[in-house]
Amino acid sequence: MINAILVFNNHGKPRLVRFYQHLAEEVQQQIVREVFHLVLKRDDHICNFLECGSLFGGSDYKLIYRHYATLYFVFCVDSSESELGILDLIQVFVETLDKCFENVCELDLIFHMDKVHHILQEMVIGGMVLETNMNEIVAQVEAQSKLEKAEGGLSAAPSRAVSAVKNINLPEIPRNINIGDINIKVPNLSQFM
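Residues numbered from 1 in each chain as written. Predicted model: local features only at pLDDT ≥ 70, side-chain atom pairs only at ≥ 80, totals over all residues. Heavy atoms only, no water.

Within an unreviewed UniProt entry, the label attached to the protein reads Adaptor related protein complex 3 subunit sigma 2, and the organism entered is Falco tinnunculus. Its UniProt record gives the protein the following Sequence similarities (unreviewed entry) comment, quoted word for word: "Belongs to the adaptor complexes small subunit family." (UniProt positions renumbered as here; feature names shortened; annotations may be inferred.)

J.: Please explain the nonpolar core as it appears in this structure.
T.: Nonpolar side chains tend to gather and get buried jointly when the protein is soluble and globular. Counting residues in hydrophobic clusters, the biggest one holds 29 residues, and the most contacted among them are Ile2, Phe93 and Ile119. When residues of this core are traced back to their parent elements, those giving at least two are strand 1 (2-9), strand 5 (71-78), helix 3 (83-101), helix 5 (113-123) and helix 6 (134-151). Not counting residues within four places of it along the chain, the set of residues in contact with Phe93 comprises Leu16, Phe73, Val116, Ile119, Leu120 and Met123. Listed in part, the 18 residues of the second largest apolar core include Phe8, Phe36, Leu50 and Tyr65. (Core = buried A, V, L, I, M, F, W, Y, C linked by side-chain atoms within 4.5 Å. Buried < 20%, exposed > 50% of the residue type's maximum accessible area, 1.4 Å probe, protein only. Helix = DSSP H or I, 4+ residues; strand = E, 2+ residues; numbered from the N terminus. Contact = heavy atoms within 4.5 Å.)

J.: Sorry if this is basic, but what is going on with unusual backbone geometry here?
T.: Peptide bonds are, in most cases, trans, and in most cases residues other than glycine have a negative phi. The backbone phi angle of Ala69 is positive, close to 50°, even though this residue is not glycine. Structurally, Ala69 can be placed in the loop between strand 4 (61-68) and strand 5.

J.: Could you clarify how one ought to interpret the packing of helix 5 against helix 6 in this entry?
T.: Packed helix pairs are specified by the crossing angle of their axes together with the interaxial distance, meaning the distance between the axes. Relative orientation of the contacting elements helix 5 and helix 6 amounts to 135°, with a least axis distance of 10 Å. Here helix 6 runs oblique to helix 5, going by the angle between their axes. Considering only the axes of helix 5 and helix 6, their crossing is right-handed. Mapping the contact onto sequence places Lys115, His118, Ile119, Glu122 and Met123 in helix 5 and Ile137, Gln140, Val141, Gln144 and Ser145 in helix 6. Class assignment of the residues belonging to the contact of helix 5 with helix 6 gives a composition of four nonpolar, four polar and two charged. (Axes fitted to C-alpha atoms, helices over the stretch in contact; angles between N-to-C directions. Parallel < 35°, antiparallel > 145°, perpendicular 65-115°, else oblique. Left-handed = near helix turned anticlockwise from the far one by under 90°. Nonpolar A, V, L, I, M, F, W, Y, C, P; charged D, E, K, R; others polar.)

J.: How should the pattern of salt bridges be read in this particular structure?
T.: Between side chains of opposite charge, pairing is possible as soon as their charged atoms come close. Throughout the structure, instances matching the rule amount to two salt bridges. Note that Glu106 is salt-bridged to Arg15, the shortest N-O span being 2.7 Å. Here Arg15 lies in strand 2 (residues 14-19) and Glu106 lies in helix 4 (residues 106-111), a separation of 91 residues in the sequence. Taking relative accessible area as the criterion, Glu106 reaches 17% and is therefore assigned buried. Between Glu83 and Lys62 there is a salt bridge whose closest N-O contact spans 2.9 Å. (Salt bridge = Lys/Arg side-chain N within 4 Å of Asp/Glu carboxyl O.)

J.: Quick question: what am I supposed to make of helix 3 here?
T.: Helical periodicity: at 3.6 residues per turn, an α-helix aligns residues three or four positions apart in one direction. In this model, helix 3 (19 residues) spans 27 Å end to end at C-alpha, consistent with the 27 Å of a helix rising 1.5 Å per residue. Glu102 occupies a position one or two residues after helix 3 and carries a positive phi of about 55°. (Expected span 1.5 Å × (residues − 1).)

J.: Please clarify how the environment of Phe101 should be interpreted in this entry.
T.: By the secondary structure assignment, Phe101 is in helix 3. On the accessibility criterion, Phe101 (13% relative accessible area) is buried. For Phe101 and Lys115, which are 14 residues apart along the polypeptide, the C-alpha to C-alpha distance reads 9.6 Å. Residue contacts for Phe101: discarding those within four places in its chain leaves Asp108, His112, Lys115, Val116 and Ile119.

Here it is in C-alpha cells:
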C-alpha cells in the first residue's frame, strides 16, 4: 500500500503532499522534512530505494523516489508494493503531468494544484493503485476539463447569478417581505438592474 506521495523541490519546499493514513499535521511536516534530508544527501548514481521504517513507525516501509529537474517525486510504500512497479508509477505520473501541462514545471504544480490532485486521484485512491494507463488518465482529465468549461467554472458563477436575478419576471419588486413575525425591508435595487 502507498502511505504517502510527496513532491518537493531541490530546496525542500513541498509542492504536493498526500498522505493515505491519518497522521497529525506536525507528524506529516516532520516526515516531509526527514524524507527530504534522506533523499537529498543521496548521490544521483545510488539506487532509488531507501528503507524508512522509523518514519512511519514500522520496519517494512520504503521510500521510492525519482529526481526530475528541480523536483523529487517520493512514494512512501510498505513491503507489499513492488519497487519497480512504483518507479514505473512515478514515471507514468510525471509523463501524465507533462502531457496535461505541455512541458510541466514546478510552477504548474503550484498554480494548478487542483488539476495535479485530480491526475493523482485518477491514478491512486486510498493508497491503492487504480490506473496506470496514461491515455486513460489523460482522457479522464480532459473530460473533467470539458465539463468545467461547459459549466463555466467557478469564475463565471457571479455573472450567472447576476443574470439570473435580472431575468426574474417579477411584476413588481417587493418592498417588504413578511414571514411570520419577521418583517424584512427590501432596499431599492433599481440601481443594480
